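# A look at the structure
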Amino acid sequence: MASTADFRNGMAIVHNGQIYFIVEFLHVKPGKGPAFVRTKLKNVKTGKVIENTFNAGVKVEEARVERRPYQYLYKDDMGLNFMNNETYEQIPIEESLIPNAELLKEGESVEVVVHAESETILAVDLPAFMTYEITYTEPGVRGDTSSTNSLKPATIETGATIMVPLFVNQGDKIKVDTRDKSYVERLK
């Protein structure tokens, strides 16, 4: 059991019989009345984010989760196939458990979040930043090379479409934030 003082972002708790990740939390001590903790919780199964308020000091059940290193192998009709880097065991994982699954490249290392008691796969975490090559984009217009506030669509090697600045061209390598599919920088 953990109390509200132990809350941290990414912590897994059991609330109303379901497992939630704490997305964000805020300890509030009003001038009048008792202190409380305002939280945003993400349901592991549905992905829905709810807001909930806990009284300060309340005990909550902490869900034991493990983060295991896996490597993405390939996609087939069973789902996306991953290999455990320690045991070399291969498992298929549903695409719905992976946010921005279209950004996965073959051979990429990911962390699979597993519920320790039931061995259920809860989520798959991609690295925060990944490098991709642009396979197609419209050419930039002369004079727009220094402007970064205008964006154009670009297709990357996985087939996903990312919005990039006008100066990025086909064949360039770019760094992408996998959490929100946003362009970070062009690489040499």
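Heads up: the structure comes first, above all this text.
Bear in mind that the values here come from a model prediction, so they are computed numbers and not experimental data.

### Here we look at the overall build of the protein chain
When you go through the protein chain residue by residue, the secondary structure sums to zero helices and 16 strands. Relative to the compact-globule value of 16 Å for 188 residues, the protein chain shows a C-alpha radius of gyration of 21 Å, a clear excess of over 25%. Taking the principal axes of its C-alpha atoms as reference, the protein chain extends roughly 60 × 50 × 25 Å. Burial status across the protein chain gives 37% buried among its 188 residues. Residue pairs at least 24 apart in sequence account for 43% of intrachain contacts in the protein chain once pairs closer than 6 positions are excluded. Accessible surface computed for the protein chain: about 11200 Å², of which carbon and sulfur atoms make up 49%. The protein chain carries 22 positive and 27 negative side-chain charges, and their two centres are separated by 9 Å.

### A closer look at the sheet that holds strand 7 (residues 65-76)
Hydrogen bonds along the backbone pair up the strands of a sheet, which may run parallel or antiparallel. Read across the sheet, five strands follow the order 9-8-7-10-11 without closing on themselves; strand pairing throughout is antiparallel. Edge positions in the sheet fall to strand 9 (90-93) and strand 11 (120-125), since each has one partner strand and no second. Neighbouring strand axes in the sheet, compared pairwise and without regard to direction, differ in orientation by 45° on average. Alignment of strand 7 against strand 10 (residues 109-115), held across seven bridges, turns out to be antiparallel. Among the inter-strand pairings, arginine 68 is bridged to a residue of strand 10, identified as valine 112.

### Digging into the pairing of strand 14 (residues 161-165)
Both strand 13 (residues 151-156) and strand 14 contribute to a ladder of five bridges, which runs antiparallel. In the sheet register, proline 153 faces strand 14, and the bridge partner there is methionine 163. From the end of strand 13 to the start of strand 14, which pair antiparallel, there are four residues, and glycine 159 there has a positive phi angle of about 100°.

### Digging into the environment of alanine 123
Its place among the elements puts alanine 123 in strand 11. Using a relative accessible area of 14% as the deciding quantity, one classes alanine 123 as buried. In this structure the C-alpha to C-alpha distance between alanine 123 and leucine 97, which are 26 residues apart in sequence, comes to 5.2 Å. Contacts of alanine 123, omitting those with residues within four sequence positions, involve Leu97, Glu111, Val112 and Val113.

About the cut-offs
- Residues numbered from 1 in each chain as written.
- Predicted model: local features only at pLDDT ≥ 70, side-chain atom pairs only at ≥ 80, totals over all residues.
- Heavy atoms only, no water.
- Helix = DSSP H or I, 4+ residues; strand = E, 2+ residues; numbered from the N terminus.
- Rg over C-alpha atoms; globule rule 2.2 N^0.38 Å.
- Buried < 20%, exposed > 50% of the residue type's maximum accessible area, 1.4 Å probe, protein only.
- Contact = heavy atoms within 4.5 Å.
- Areas by Shrake-Rupley, 256 points an atom, 1.4 Å probe, with all protein chains shown as cover.
- Lys, Arg positive; Asp, Glu negative; His and termini not counted.
- Charge placed at Lys NZ, Arg CZ, Asp CG, Glu CD.
- Pairing = 2+ DSSP bridges.
- Axes fitted to C-alpha atoms, helices over the stretch in contact; angles between N-to-C directions.

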